[in-house]
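Chain by chain, the residues run as shown.
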Amino acid sequence: MDRVVAVVTGLPPVLVLALVFVLPALESSTLLGLFVPGETAILIGGLVAHTGELPLWAVVIAGTAGACLGDQVGYALGRRYGPGMLARASGSARRRADIRLARRLIARRGAWAVMVGRWVAVLRAVVPMVAGAGGMPWPPFLRANLAGGLVWATTVALLGYLGAASYHRLERELGIGEWALLAVIAAGVVLHLWRRHRQVRQGRADR
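Here is a short report on the structure shown in this document. Please read these numbers as outputs of a predicted model, since none were measured by experiment.

### Description of the overall build of the protein
And then number 1: Across its full length, the protein holds 11 helices and 0 strands.
And then number 2: Within the protein, the proportion of its 207 residues that are buried is 37%.
And then number 3: Pairs at least 24 apart in sequence give 79% of the contacts found in the protein among residues at least 6 apart.
And then number 4: Carbon together with sulfur atoms contributes 66% to the accessible area of the protein, which is approximately 11700 Å² in total.

Dropping the structure here:
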């Protein structure tokens, strides 16, 4: 774990800040979030902020700006090209994107769906396009986008910052840093396999 932290914190702060902005910006504007969640970059930014190489407020601002800009682009693309935009996506992207769930959320919750969807990686990538394609008015989308982006980026950056502090504290006091890392990785693999199994079962049931 120390080697991973050393590599991350050894990156130039400007590069880390650029990643914090770019990855969330690409999530919904290019559907990259279906494969690489943007919060990964913000978590790393929070980790680097804990070392003192970056101010935490800069990570929050960069993450918020990237997330909001990406969603605005996704909304504009959905508004311009409509449902055909998602229909022309690659097969793997369509399999990962839960379009029907995103449409139901938008229909029932409107702007609230934009804020809630940001906390689920798959929905975060497609909700802006679905909102644009579905004709959601721009002003409520913009308000929900700005509010949701700020809360999301702040929370994720703080998790990265506090997670780094907690890891070092555990390592110093209990000496279980490597075991804790293995447990987190194992839990992540199990959760991923469980979600994959649910998606396959849901797809079979829908067919």
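More follows now that the structure is in view.
### Digging into helix 3 (residues 39–51)
For an α-helix, 3.6 residues make a turn, and residues three or four places apart therefore share a direction.
And then number 1: Taking 1.5 Å as the rise per residue, helix 3 with 13 residues should run 18 Å; its terminal C-alpha atoms sit 19 Å apart, in good agreement.
And then number 2: Three or more residues of helix 3 are buried, namely Ala-41, Ile-42, Gly-45, Gly-46, Leu-47, Val-48 and Ala-49.
And then number 3: Backbone geometry just downstream of helix 3 places Gly-52 in the positive-phi region, at approximately 90 degrees.

### Description of the packing of helix 2 (residues 13–29) against helix 9 (residues 121–133)
When two helices pack together, their arrangement is given by the angle between their axes and by how far apart the axes lie.
And then number 1: Look at helix 2 against helix 9: their axes get within 7 Å of each other, and the N-to-C directions meet at 55 degrees. When the axes of helix 2 and helix 9 are compared, the pair comes out oblique. Of the residues in helix 9, those touching helix 2 at Glu-27, Ser-28 and Ser-29 are Arg-124, Ala-125, Pro-128 and Met-129.
And then number 2: Considering only residue class, the contact of helix 2 with helix 9 consists of 3 nonpolar, 2 polar and 2 charged.

### Focus: a nonpolar patch on the surface
And then number 1: A surface patch of nonpolar side chains, about 340 Å² in accessible area, is lined by Phe-21, Val-22, Leu-26, Leu-69 and Val-73.
And then number 2: Put simply, the parts of the chain that give the nonpolar patch at least two residues each are helix 2 and helix 4 (56–81).
And then number 3: The greatest single-element share of the nonpolar patch, amounting to 3 residues, is contributed by helix 2.
And then number 4: You can see Val-73 is positioned in helix 4.

### Re the side chain of Gln-72
And then number 1: Topologically, Gln-72 is positioned in helix 4.
And then number 2: By relative accessible area, Gln-72 is classed as buried at 18%.

### Considering the packing of helix 3 against helix 4
And then number 1: Running from N to C, helix 3 and helix 4 cross one another at 165 degrees; their axes reach a closest spacing of 9 Å. One way to sum up the angle between helix 3 and helix 4 is to call them roughly antiparallel. Two packed elements cross with a definite hand, and for helix 3 against helix 4 that hand is right-handed. Within the contact between the two elements, helix 3 uses Ile-42, Gly-45, Gly-46 and Ala-49 and helix 4 uses Leu-56, Val-59 and Gly-63.
And then number 2: Residues of the contact of helix 3 with helix 4, tallied by class, amount to 4 nonpolar, 3 polar and no charged.

### Overview of the side chain of Thr-64
And then number 1: Relative to the helices and strands, Thr-64 is located in helix 4.
And then number 2: Engagement of the side chain of Thr-64 in a polar contact is seen with the backbone oxygen of Val-60, the distance being 2.7 Å.
And then number 3: Here Thr-64 is in contact with Gly-149, Leu-150 and Ala-153, once residues within four sequence places are set aside.

Rules behind the numbers
Residues numbered from 1 in each chain as written. Predicted model: local features only at pLDDT ≥ 70, side-chain atom pairs only at ≥ 80, totals over all residues. Heavy atoms only, no water. Helix = DSSP H or I, 4+ residues; strand = E, 2+ residues; numbered from the N terminus. Buried < 20%, exposed > 50% of the residue type's maximum accessible area, 1.4 Å probe, protein only. Contact = heavy atoms within 4.5 Å. Areas by Shrake-Rupley, 256 points an atom, 1.4 Å probe, with all protein chains shown as cover. Expected span 1.5 Å × (residues − 1). Axes fitted to C-alpha atoms, helices over the stretch in contact; angles between N-to-C directions. Parallel < 35°, antiparallel > 145°, perpendicular 65-115°, else oblique. Nonpolar A, V, L, I, M, F, W, Y, C, P; charged D, E, K, R; others polar. Patch = residues over 30% accessible without salt bridge, like charges linked within 9 Å, V, L, I, M, F, W, Y side chains within 5 Å. Salt bridge = Lys/Arg side-chain N within 4 Å of Asp/Glu carboxyl O. Left-handed = near helix turned anticlockwise from the far one by under 90°. Polar contact = N/O pair within 3.5 Å; in protein donor to acceptor, adjacent residues only side chain to side chain.

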